[in-house]
Amino acid sequence: MPKAVAIYLRLSQEDVDVRRNAAKDESNSISAQRNLITRHLDQNPELAELPRLEFCDDGFSGTNFERPEFQRMIELAKQGEICCIVVKDLSRFGRDYLEVGDYLEHIFPFLGIRFKSINDHYDSKNHDGKTIGMDVAFRNLVYDYYSKDLSSKVKTAMRSKQEKGEFITCFTYGYKPSPENKHKMIIDEPAAEIVREIFDAVIAGKTTSEIAADLNTRGVPTPQAHKGVKRRFETIPQWTHPRIVYMIRNIKYTGVMTNHTRESRHIRDKNQRRVPVEEWIIHPDAHEAIIPRDKWELANEMLRNPKKVKKAVLEQPDRVYYCAHCGRKLRKTYGSDQYYSCVSSKYQQDSVCSDIRLKRSEMEDILVEALRAQINFIKQNTPTEKKEKRSASVECYKAITQIEKEIAQLPNKKLERYEAYRSGEISREDFIKSKDALSVKADELTAKKEQLEKEYQALLKAKQQEAETESEVAQAEQVLADFDAGLREHLYEAIERVIVTSNEQIEIEWVFADIFTQKEEYC
């Protein structure tokens, strides 16, 4: 089956919100991008008959390459299922100058993938073995600067709305957007009734854990479930102590709007910083209150206020244990030993998670033996035919060199036959036959060379993978050699997650997925 052509489409929210040029917005729309690329492929004889795969990231910024469809496309490219990627222009592919250049000059050539940007008149087929060219590089740099300028404009527009007391992020539980103004909050009565109930329960003396457990027992949807928000990892939505405390502390329920409580320090910042309270933008009476101010203050007084102690930031590499039932990370408690258990048992009556209680020392004994078994497995299955692979690549390279010499000699042979014809040594018919024979031989040699080049690239890739495997195996062997002193110390570096079903059954997901290719279950 022939490899597919990948059609990549992208539109970010900023592309629509910030610009005022409606015609430009339409030209960048998903449908417009799709039509342009489809028409281009239909008119290209080389690509028209190939199967097509579409990848569409709608609502994702071009400055971040962690887009779901983009990553799926790259994964298929790595698996050898894609031969060509086509985009409307480079800005649709990405707006990070360095990363786009890395894909065009290194990653795609290594994978043998052709890349076409229609509006930029760029086709990597015309740049085989060369850099992408000053014009494309400059245009790529312009897109990067445009993205930074766009980010600045978005931040300015958001700050303007914040100073007017408008809401610009996600709506607080208990409110919903006004039909007349999406930046204005109005009361969402079903959720607001739960908010009032929570405040009344705190004032009545109930603990936040008791309130959370009661809401879970009654099956009251959590704020995320109420809004239809899906979490990154599959977990069972449930009310918890931190969620109740956050709601009691939230002054927005009194009608006060607080904005600019967090901010990004730079473009593509994944972790926003907390803004000091004195820098917040505060607007009283910005929306209708769910909780009167005196009632909010009383509820906050009822909350336990532990002394603020500056906590030392400690690395906790052992926080890899997850509950198989609710998907949450297991909490760690201390005693004569350390134990792991699921916090859901505090908030869910008769929870299947309540029986989970693992002793750290016993768990690590099991994990060490599992890691040791994996390392031994690798050692026993390390490839041994290294010399054969090296010699095969050398012979393949020699064959390619020999064919190139033969191809280079063909024009001289044609010229010799022509001179023989002109001098009368051979007839016209013999000259035409010999010329056609040389042309056929040239085609055969070219085809053979292309086949050998593919084989050579495959051998080089296999050698590279082998070298990477050898490196990983060498590291694993070194760890195994220092087993008594080192394996337990480096244990959690090799583990991504430990999924706990019960005290007798766990599942291990290894970090080194390219070597430890299996998930292991221990019962």
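Remember, it's a predicted structure, so these values are computed and weren't measured experimentally.

Rules used in this analysis
Residues numbered from 1 in each chain as written. Predicted model: local features only at pLDDT ≥ 70, side-chain atom pairs only at ≥ 80, totals over all residues. Heavy atoms only, no water. Patch = residues over 30% accessible without salt bridge, like charges linked within 9 Å, V, L, I, M, F, W, Y side chains within 5 Å. Areas by Shrake-Rupley, 256 points an atom, 1.4 Å probe, with all protein chains shown as cover. Salt bridge = Lys/Arg side-chain N within 4 Å of Asp/Glu carboxyl O. Lys, Arg positive; Asp, Glu negative; His and termini not counted. Charge placed at Lys NZ, Arg CZ, Asp CG, Glu CD. Helix = DSSP H or I, 4+ residues; strand = E, 2+ residues; numbered from the N terminus. Buried < 20%, exposed > 50% of the residue type's maximum accessible area, 1.4 Å probe, protein only. Pairing = 2+ DSSP bridges. Axes fitted to C-alpha atoms, helices over the stretch in contact; angles between N-to-C directions. pLDDT = per-residue confidence, 0-100. Contact = heavy atoms within 4.5 Å. Phe/Tyr/Trp six-rings, centres within 6.5 Å; stacked < 30°, edge-to-face > 60°. Polar contact = N/O pair within 3.5 Å; in protein donor to acceptor, adjacent residues only side chain to side chain. Core = buried A, V, L, I, M, F, W, Y, C linked by side-chain atoms within 4.5 Å. Expected span 1.5 Å × (residues − 1). Arc of directions from axis to C-beta.

Draft legend 1. Structural detail: a negative patch on the surface. A cluster of acidic residues, Glu66, Glu99, Asp102 and Glu105, forms a negative patch on the protein surface. Checked against the element boundaries, Glu105 lands in helix 6 (residues 97-111). The class for Glu105 is partly exposed, based on a relative accessible area of 31%.

Draft legend 2. Quick look at the pattern of salt bridges. Overall, the coordinates contain 18 salt bridges when judged by the stated rule. The shortest N-O distance in the salt bridge between Glu69 and Arg72 comes to 3.0 Å. A residue pair is termed a helical-turn pair when its members lie 3 or 4 positions apart in one helix, as Glu69 and Arg72 do in helix 4 (residues 68-78) at 3 residues. Between Asp89 and Arg92 there is a salt bridge; the shortest N-O distance is 3.8 Å. The buried category is assigned to Asp89, whose relative accessible area is 7%. On the accessibility criterion, Arg92 (1% relative accessible area) is buried. Each member of the salt-bridge network shares a partner with another, and the members are Glu46, Arg114, Lys116, Asp123 and Lys125.

Draft legend 3. Layout of the sheet that holds strand 15 (residues 357-359). Taken together, 3 strands build an open sheet; the order of strands is 13-14-15 and the sheet is antiparallel. Either end of the sheet is taken by a strand with one partner, and the two such strands are strand 13 (331-334) and strand 15. Strand-to-strand, the axes of this sheet are offset by a mean angle of 30°, without reference to chain direction. The pairing of strand 14 (residues 338-341) with strand 15 spans 3 bridges and is classified as antiparallel. The residue bridging Ser341 from the neighbouring strand is Arg357, located in strand 15.

Draft legend 4. The arrangement of the pairing of strand 1 (residues 4-11) in detail. Most of strand 1 sits out of view: 8 of its 8 residues are buried. The alternating pattern of strand 1 places Ala4, Ala6, Tyr8 and Arg10 on one face and Val5, Ile7, Leu9 and Leu11 on the opposite face, and all of these are buried. Pairing geometry for strand 1 and strand 3 (residues 82-87), over 4 bridges, is parallel. Paired with Val5 across the bridge in strand 3 is Cys84. Relative to strand 2 (residues 52-58), strand 1 runs parallel, the two being bridged by 7 bridges. Following the sheet pairing, Ile7 is matched in strand 2 by Glu54.

Draft legend 5. Examining the confidence of the model for the protein chain more closely. Scored by pLDDT, the protein chain has a mean of 75; 70% of the residues are at 70 or more. For the protein chain, the element scoring lowest by mean pLDDT is helix 2 (residues 22-27), at 45; strand 3 scores highest, at 93. Taken together, the stretch residues 16-27 has pLDDT below 50 and engages in 15 contacts with residues farther than four places along the chain or on a different chain. Contacts from residues 129-143, a stretch scored under 50 in pLDDT, to residues over four places away or in other chains number 21 contacts.

Draft legend 6. A look at the environment of Ile400. Turning to its location among the elements, Ile400 is positioned in helix 15 (residues 386-422). Along the sequence, Ile400 and Leu452 sit 52 residues apart, while their C-alpha atoms lie 6.5 Å from each other. Those residues in contact with Ile400 that lie beyond four places of it in its chain are Lys449, Leu452, Glu453 and Tyr456.

Draft legend 7. Up close: the environment of Met185. If you trace the backbone, Met185 turns up in strand 7 (residues 185-187). Judged by relative accessible area, Met185 falls into the buried class, the value being 3%. Along the primary structure Met185 and Met257 are separated by 72 residues, whereas in three dimensions their C-alpha atoms are 9.7 Å apart.

Draft legend 8. Inspection of the packing of aromatic side chains at higher detail. Counting across every chain of the model gives 18 aromatic pairs. Measuring from ring centre to ring centre gives 5.8 Å for Tyr8 and Phe70, while their planes differ by 75°; the resulting arrangement is edge-to-face. In this pair, Tyr8 sits in strand 1 while Phe70 sits in helix 4, placing the two residues 62 residues apart along the sequence. There is no split in this pair, since Tyr8 and Phe70 are both buried. For the ring pair Tyr103 and Phe108, a centre distance of 5.5 Å and an interplane angle of 45° mean the geometry is tilted. Both residues of the pair, Tyr103 and Phe108, count as buried. One aromatic cluster in this structure is built from Tyr8, Phe65, Phe70, Phe93, Tyr103, Phe108, Phe115 and Tyr122.

Draft legend 9. Looking closely at the sheet that holds strand 2. Taking strand neighbours across the sheet as the criterion, the 5 strands line up as 2-1-3-4-5 in an open arrangement whose pairing is mixed. The strands lining the two open edges of the sheet, one partner per strand, are strand 2 and strand 5 (122-123). Sitting on the sheet, helix 3 (residues 30-42) is in contact with strand 1, strand 2, strand 3 and strand 4 (114-117), with an inclination near 155° to strand 1. Helix 4 rests against strand 1, strand 2 and strand 3 of the sheet, and its axis sits at about 150° to strand 2.

Draft legend 10. Structural view of the side chain of Thr208. Mapped onto the elements of the fold, Thr208 is located in helix 9 (residues 208-218). The buried category is assigned to Thr208, whose relative accessible area is 9%. In this structure the side chain of Thr208 is engaged in a polar contact, spanning 2.5 Å, whose partner is the side chain of His241. What Thr208 contacts, discounting residues up to four positions off in sequence, is His241, Ile244, Val245 and Leu303.

Draft legend 11. Quick peek at the nonpolar core. With 32 residues, the main nonpolar core has Ile198, Trp239 and Tyr253 as its most contacted residues. Sorting the residues of this core by element identifies strand 7, helix 8 (189-203), helix 9, helix 11 (241-249) and helix 12 (293-302) as the ones contributing at least two each. The next biggest cluster of nonpolar side chains, apart from the first, holds 24 residues, and it includes Val368, Tyr492, Ala494 and Ile495.

Draft legend 12. How the structure looks around helix 3. Between its first and last C-alpha, helix 3 extends 18 Å over 13 residues, near the 18 Å set by a 1.5 Å rise per residue. Within helix 3 the residues assigned to the buried category are Ile30, Gln33, Leu36, Ile37 and Leu41. End-on, the buried residues of helix 3 take up no more than an arc of 135°, which puts them together on one face. On its buried face, helix 3 sits against strand 1, strand 2, strand 3 and helix 5 (90-93).

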